[in-house]
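# Fold and contact review
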Amino acid sequence: MKILVPVKRVVDYNVNIRVKADGSGVDLANVKMSMNPFDEIAVEEALRLREAGAASEVVAVSIGPKEAQETVRTALAMGADRGIVLEAEGNVEPLAVAKLLKAIVAEEAPGLVILGKQAIDDDSNQTGQMLAALLGWPQGTFASKLVLADSGIEVTREVDGGLQTVRLALPAIITADLRLNEPRYASLPNIMKAKKKPIDFRPAAQYGVDLTPRLTVLKTAEPPARPAGRRLASVAELVDRLKTEAGVL
Ligand code: AMP
């Protein structure tokens, strides 16, 4: 079975992001970019399934500018077998990403597609669900555990108030939650080896998907600055402040 893992290039989660002065978006000039953290978890899970003998090949795919190859290269350094970059400039919204992924699924015929549950730049949490709908495949979203069983897959999902386990027939779509695993670091030898692994570049335009954004960003603003913390002298004072200042008691 082949596993397809879509990996998105996003602003590194450690970066203190700056909003552009005109409020039109986040300033990306000279900012460190990395693989979306949930996609690292998705790659790790695919590698574990391959290492357990349940999958034969892990293919990473990214949609974005030419630099998205760095993200695919990271997946290859972690252990993915090969990569695909669909080149597209500008913001490609989740529906267009899902349509492009559907085209890649038609070419590659994977048994599983494991995505991140959300991209930390747009926080959409849509692509996996849209891809499942477009393909008519079952979806196990917010997965915190995967077990392949009887030609299907059991997915433990984080839901309000607990964990739910569902069984899906294959082929299926999975979206990875934070607690699915702890992704490995790429070792130096594997980073070197990854340089020789194949990446297939294609213009996203060749798939005939309309990439025009449907949303217009009206405004992007920094969150209000948080007031500094205060040290109080006693529990009694804390209770008093919670009553009189915060009004929560
Ligand atoms: P989103 O729906 O934008 O929150 O993204 C959810 C997941 O879809 C991500 O964690 C990725 O696995 C995948 N994804 C979204 N955008 C892209 C992209 N441009 N290239 C590759 N994968 C993507």
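It should be emphasised that the depicted structure is a prediction, and the values quoted were computed from it without experimental measurement.

### Describing the overall build of the chain
When helices and strands are tallied, the chain shows six helices and eleven strands. When the backbone C-alpha atoms are referred to their principal axes, the chain occupies close to 65 × 45 × 40 Å. Counting across all 249 residues of the chain, residues that qualify as buried make up 40%. Contacts in the chain between residues at least 24 apart in sequence constitute 71% of all its contacts with a sequence separation of at least 6. In the form shown here, the chain has an accessible surface area of approximately 14000 Å², with 53% of it arising from carbon and sulfur atoms. Charge separation in the chain, taken as the distance between the mean sites of 31 positive and 32 negative side-chain charges, equals 2 Å.

### A word on the UniProt feature "domain: Electron transfer flavoprotein alpha/beta-subunit N-terminal" (unreviewed entry) in the chain
Listed under "domain: Electron transfer flavoprotein alpha/beta-subunit N-terminal" (unreviewed entry) in the UniProt record, and renumbered for this structure, are residues 23-211. Split by type, residues 23-211 is 30% helix and 31% strand. Its first and last C-alpha atoms lie 23 Å apart.

### Points about unusual backbone geometry
Residues L170 and P171 are joined by a peptide bond in cis, for which omega reads 0°. Phi angles above zero are rare outside glycine, and N30 is one such case at about 55°. Topologically, N30 is positioned in the loop between strand 2 (9-11) and strand 3 (33-35).

### Brief notes about the sheet that holds strand 7 (residues 139-149)
Strands belonging to one sheet form pairs held by backbone hydrogen bonds; the direction of such a pair is parallel or antiparallel. Read across the sheet, nine strands follow the order 9-8-7-10-6-1-4-5-11 without closing on themselves; strand pairing throughout is mixed. The sheet is open, and its two borders are formed by strand 9 (162-169) and strand 11 (199-203), each paired with just one other strand. Across the sheet, the mean angle separating the axes of adjacent strands is 30° when strand polarity is ignored. Sheet topology places strand 1 (residues 2-6) next to strand 4 (residues 57-64); five bridges connect them, and they run parallel. Note that in strand 4 the partner of V5 across the bridge is A60. Contacts between helix 1 (residues 37-51) and the sheet are confined to strand 1, strand 4, strand 6 (112-116), strand 7 and strand 10 (172-176), with strand 6 contributing the most and set at about 150° to the helix. Packed on one face of the sheet, helix 4 (residues 127-135) meets strand 6, strand 7 and strand 10 and runs near 175° to strand 10.

### So, the site of the ligand
The immediate surroundings of the ligand are formed by 18 residues, with D39, A119, N125, Q126 and T127 found nearest. Here an oxygen atom of the ligand sits 2.9 Å away from a polar atom, N or O, in the main chain of P6. Between an oxygen atom of the ligand and a main-chain N or O atom of Q126, the distance comes to 2.8 Å. In the complex, 98% of the free accessible area of the ligand, which totals 480 Å², lies under the protein chains. Elements with a contribution of two residues or more to the shell around the ligand: strand 4 and strand 6.

### Considerations on the environment of T220
One can find T220 in the loop between strand 11 and helix 6 (235-246). Separated by 201 residues in the primary sequence, T220 and V19 have C-alpha atoms spaced 6.9 Å apart. Discounting residues that sit within four places of it in the chain, T220 has contacts with V19, G23, S24 and G25.

### A few points about helix 4
Turning to helix 4, its buried residues are T127, G128, L131 and A132. All buried residues of helix 4 lie within an arc of 135° about the axis, which places them on one face of the element. Of the surrounding secondary structure, the elements contacted by the buried residues of helix 4 are helix 3 (94-108), strand 6, strand 7 and strand 10. One or two steps after helix 4, the chain reaches G136, where phi turns positive at roughly 70°.

### A closer look at the environment of E245
Looking at the secondary structure, you find E245 in helix 6. Not counting residues up to four positions away in its chain, the partners in contact with E245 are R230 and D240. Polar contacts involving the side chain of E245 include one to the side chain of R230, which spans 2.9 Å.

### Thoughts on the pattern of salt bridges
Tallied over the entire structure, the rule returns 20 salt bridges. Residue D122 pairs with K8 through a salt bridge whose shortest N-O separation is 3.3 Å. Linking D122 in the loop between strand 6 and helix 4 with K8 in the loop between strand 1 and strand 2, this pair joins segments that are 114 residues apart in sequence. Take D122: its relative accessible area is 32%, and that puts it in the partly exposed class. Given a relative accessible area of 24%, K8 falls into the partly exposed group. The closest approach of N and O atoms between R82 and E108, which form a salt bridge, is 2.6 Å.

The rules behind the values
Residues numbered from 1 in each chain as written. Predicted model: local features only at pLDDT ≥ 70, side-chain atom pairs only at ≥ 80, totals over all residues. Heavy atoms only, no water. Helix = DSSP H or I, 4+ residues; strand = E, 2+ residues; numbered from the N terminus. Buried < 20%, exposed > 50% of the residue type's maximum accessible area, 1.4 Å probe, protein only. Contact = heavy atoms within 4.5 Å. Areas by Shrake-Rupley, 256 points an atom, 1.4 Å probe, with all protein chains shown as cover. Lys, Arg positive; Asp, Glu negative; His and termini not counted. Charge placed at Lys NZ, Arg CZ, Asp CG, Glu CD. UniProt positions renumbered as here; feature names shortened; annotations may be inferred. Pairing = 2+ DSSP bridges. Axes fitted to C-alpha atoms, helices over the stretch in contact; angles between N-to-C directions. Near = heavy atom within 4 Å. Polar contact = N/O pair within 3.5 Å; in protein donor to acceptor, adjacent residues only side chain to side chain. Arc of directions from axis to C-beta. Salt bridge = Lys/Arg side-chain N within 4 Å of Asp/Glu carboxyl O.

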